[in-house]
Amino acid sequence: MYYETDKDDHGLPFSPFKSCVVPRPIGWISTRSKDGVDNLAPYSQFQNLTFDPPYVMIGINQTVDGKRKDTTVNIEDTGEFVYNMVTYDLRDAMNRTAVQEPPEVDEFEAAGLHKAPSKMVNVPRVEESPIQFECVYHSSLRLPGRSPVGTIDIIIGKVVAVHIKDEVIRPDGRLDMDKLRPLARMGYSDYTSVEHTFELIIPAENKEEIMSGLSGASSIDKNSTFKK
């Protein structure tokens, strides 16, 4: 099959595009409005961008009536947000927070979730989530869409603090993906979770430096092979 995106003439009952780039990590983003109302919403157009220092990106489409999402407004107004990892056990709570609510609704309360205080930003974390990133706003990029919902705000934030529950750290110091079971977005209404991992080592002479970069080592880490 071949189709041109400007024509969208794929002939299928559902667009295949989002199913072609999978699985996608879910950015479960908590924010606080300038009026003090907490917000929590999941975004599957989410990714880490670099690691030294770490930055993350959130792609936030507008609503069907052309309004910017509360998450976008809150981040740009306050300059802060938190990424919370979604695990298989949290799938139903995450799905509840995907409901488009009025700005005055606190999705933590609607989903029956507990708030944990952050240390460097004035935004609550999802206490039930095993991993959270405290982030400060860096910049936005706005891409126009063919329809109101197609227009997207790309938010870039710098990670300033990381929380990891001790029980998901293995004795060898790596994160235990079997315990975490991170949830990921597929196409349509489909999801998956990480249940199997395997390792591939790049066959190169500078193997140690390459693996240091792949693991996300920082140049200020004493164990890192990178130097400033």
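I will try to describe carefully the structure that is included in this document. Here the structure is a predicted model, which means the values were calculated and not measured.

## Details of the overall build of the protein chain
Part 1: Counting its regular elements, the protein chain contains 5 helices and 12 strands.
Part 2: Its C-alpha atoms give the protein chain a radius of gyration of 19 Å, within 12% of the compact-globule value 17 Å for 228 residues.
Part 3: Along the longest, intermediate and shortest principal axes, the C-alpha atoms of the protein chain span 50 × 50 × 35 Å.
Part 4: Here the protein chain holds 228 residues, and 36% of them are scored as buried.
Part 5: In the protein chain, of all internal contacts separated by at least 6 residues, the share reaching a separation of at least 24 is 59%.
Part 6: Within the protein chain, the 35 negative side-chain charges are centred at a point lying 2 Å from the centre of the 26 positive side-chain charges.

## What to know about a nonpolar patch on the surface
Part 1: On the surface, a nonpolar cluster with roughly 220 Å² of combined accessible area is contributed by Val162, Ile164 and Ile169.
Part 2: Note that Ile164 resides in strand β10 (residues 152–164).

## Points about the nonpolar core
If you look at soluble globular proteins, the nonpolar side chains tend to sit buried side by side.
Part 1: By size, the foremost hydrophobic cluster in this structure holds 17 residues, and its most contacted members are Ile29, Tyr43, Phe46, Val56, Ile58, Ile75 and Phe81.
Part 2: Contributions of two or more residues to this core are made by β3 (38–43), β5 (54–61), β6 (80–84), β9 (131–143) and β10.
Part 3: Ranked by residues supplied to this core, first place goes to β5 with 3 residues.
Part 4: Dropping the residues within four chain positions of it, Tyr43 is found in contact with Pro25, Ile26, Gly27, Ile29, Ile58, Gly59, Ile60, Lys69 and Thr71.
Part 5: Of all hydrophobic cores here, the second largest spans 12 residues; its members include Val86, Ala93, Phe108 and Ala111.

## Quick notes on the sheet that holds β6
Part 1: Pairing is antiparallel in the open sheet, where 7 strands are placed in the order β3-β2-β6-β9-β10-β5-β4. Strands with a single pairing partner mark the edges of an open sheet, and in this sheet they are β3 and β4 (46–51). Across the sheet, the mean angle from the axis of one strand to that of its neighbour is 30°, orientation sign disregarded.
Part 2: In this structure, strand β2 (residues 27–32) lies alongside β6, joined through 3 bridges in antiparallel fashion. Bridge pairing in β6 places Ser30 opposite Val82.

Parameters at a glance
Residues numbered from 1 in each chain as written. Predicted model: local features only at pLDDT ≥ 70, side-chain atom pairs only at ≥ 80, totals over all residues. Heavy atoms only, no water. Helix = DSSP H or I, 4+ residues; strand = E, 2+ residues; numbered from the N terminus. Rg over C-alpha atoms; globule rule 2.2 N^0.38 Å. Buried < 20%, exposed > 50% of the residue type's maximum accessible area, 1.4 Å probe, protein only. Contact = heavy atoms within 4.5 Å. Lys, Arg positive; Asp, Glu negative; His and termini not counted. Charge placed at Lys NZ, Arg CZ, Asp CG, Glu CD. Patch = residues over 30% accessible without salt bridge, like charges linked within 9 Å, V, L, I, M, F, W, Y side chains within 5 Å. Areas by Shrake-Rupley, 256 points an atom, 1.4 Å probe, with all protein chains shown as cover. Salt bridge = Lys/Arg side-chain N within 4 Å of Asp/Glu carboxyl O. Core = buried A, V, L, I, M, F, W, Y, C linked by side-chain atoms within 4.5 Å. Pairing = 2+ DSSP bridges. Axes fitted to C-alpha atoms, helices over the stretch in contact; angles between N-to-C directions.

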